[in-house]
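Summary of the model geometry
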Amino acid sequence: VQVFPPVNFTLTVSALAQVLLHWKPNPNQEQKNYTIRYDVKILSPVPEEYDTKKTYSIQTAALHNGFSAHIRTLLLHNDLQMRSDWVKEKLLPLPGAPETSVTNLSCVTRITISSTVSLRCTWLPGRGAPEDTEYFLFYRYETYTEECQDYIKDKWNRNTECRFSVTHVDPEEVDKLIVIHINGSSKYAAIKPFQQLFNQNAIEKVNVPRNVTVFLEQNDLLATWEKPISPFPKECFEYEFYLFNLKSGNKQILKISSNDFRLWIDVTNRYSVQIRANHHICCTRGFWSDWSEIIYVGKN
């Protein structure tokens, strides 16, 4: 049996950092009692291989340096697998002068008391970007795209930081992607756009544990606290407990997965206690929270 490659293979940019791969079955392909699937091989920017019985596929990827993919027909009959030749297609890199894109892009999200998600991103201008370069940031989450309205500028009056006090990021979702797209303009050069994908949980700055209480019970130090403001249940968090002996100068940082703690101490000494939190098993780890306010316990 001859296996023919798919026809009309196209790549279309359907949203920021999103590509629609589309193709049609080869009209010369015999149907009979074969199962027809398609092998898809993404070559760049991030290699990936998978197969599908659909005639389309949606990929999220940073597109500033282009996108390249191969596809072929896969014929399955009983235990026999037959493959066609590959069909290739690519998107060219986004236009712009070299080294004019932003560099060192980093973003942080936070969950607010009202259960919305804020977003803050910072970056540095590209080495080849003229002094008059203006950068503009957009974020995309699922189907929603928004341009930044609140920038902070460097000493040359260039945008190098953006803040969204409220976003469409769903705080209860796990490991969804936030797409950041930064383009720019200048009188002296074409500014090359830049895109980066962030896992929403991996860039979350976790909130501080709440209602920390510390007291002594004979020779034991007892501490209890509540989980940070978050839609995730308390089982999703781990903690670091920082104990500092003010008399001896000894420091201890203990990892804890529950919301309370008991430790034998020398009650003739005085101690300071702080706690911080991070995600644990429910999703990708984020950034550790700030330390809680210092609580002193012990002699006097």
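Read on for a plain summary of the structure. Being a predicted model, the structure only gives us computed values, none of them experimental. (Residues numbered from 1 in each chain as written. Predicted model: local features only at pLDDT ≥ 70, side-chain atom pairs only at ≥ 80, totals over all residues. Heavy atoms only, no water.)

What follows deals with the pattern of salt bridges. In the structure shown here, the tally under the stated rule is 17 salt bridges. Two residues, Glu-240 and Lys-255, come together in a salt bridge whose shortest N-O distance is 2.5 Å. With Glu-240 in strand E19 (residues 237–245) and Lys-255 in strand E20 (residues 251–256), this pair connects stretches of sequence that are 15 residues apart. Within the structure, one salt-bridge network assembled from shared partners comprises Asp-39, Arg-72 and Arg-83. (Salt bridge = Lys/Arg side-chain N within 4 Å of Asp/Glu carboxyl O. Helix = DSSP H or I, 4+ residues; strand = E, 2+ residues; numbered from the N terminus.)

With that settled, consider the packing of aromatic side chains. Going through the model one piece at a time under the given rule, you end up with eight aromatic pairs. With a centroid separation of 4.5 Å and 50 degrees between ring planes, the pair formed by Phe-241 and Phe-261 is classed as tilted. With Phe-241 in strand E19 and Phe-261 in strand E21 (residues 260–264), this residue pair connects regions lying 20 residues apart in the sequence. Side by side, Phe-241 and Phe-261 carry an identical accessibility label, which is buried. (Phe/Tyr/Trp six-rings, centres within 6.5 Å; stacked < 30°, edge-to-face > 60°. Buried < 20%, exposed > 50% of the residue type's maximum accessible area, 1.4 Å probe, protein only.)

So, about the sheet that holds strand E18 (residues 220–226). The strand order across the open sheet built from three strands is E17-E18-E21, with neighbouring strands paired in antiparallel fashion. Each having just a single partner strand, strand E17 (210–217) and E21 make up the two edges of the open sheet. For this sheet the average axis-to-axis angle between neighbouring strands, irrespective of direction, equals 15 degrees. Taken together, the six bridges between E17 and E18 define a ladder with antiparallel strand orientation. (Pairing = 2+ DSSP bridges. Axes fitted to C-alpha atoms, helices over the stretch in contact; angles between N-to-C directions.)

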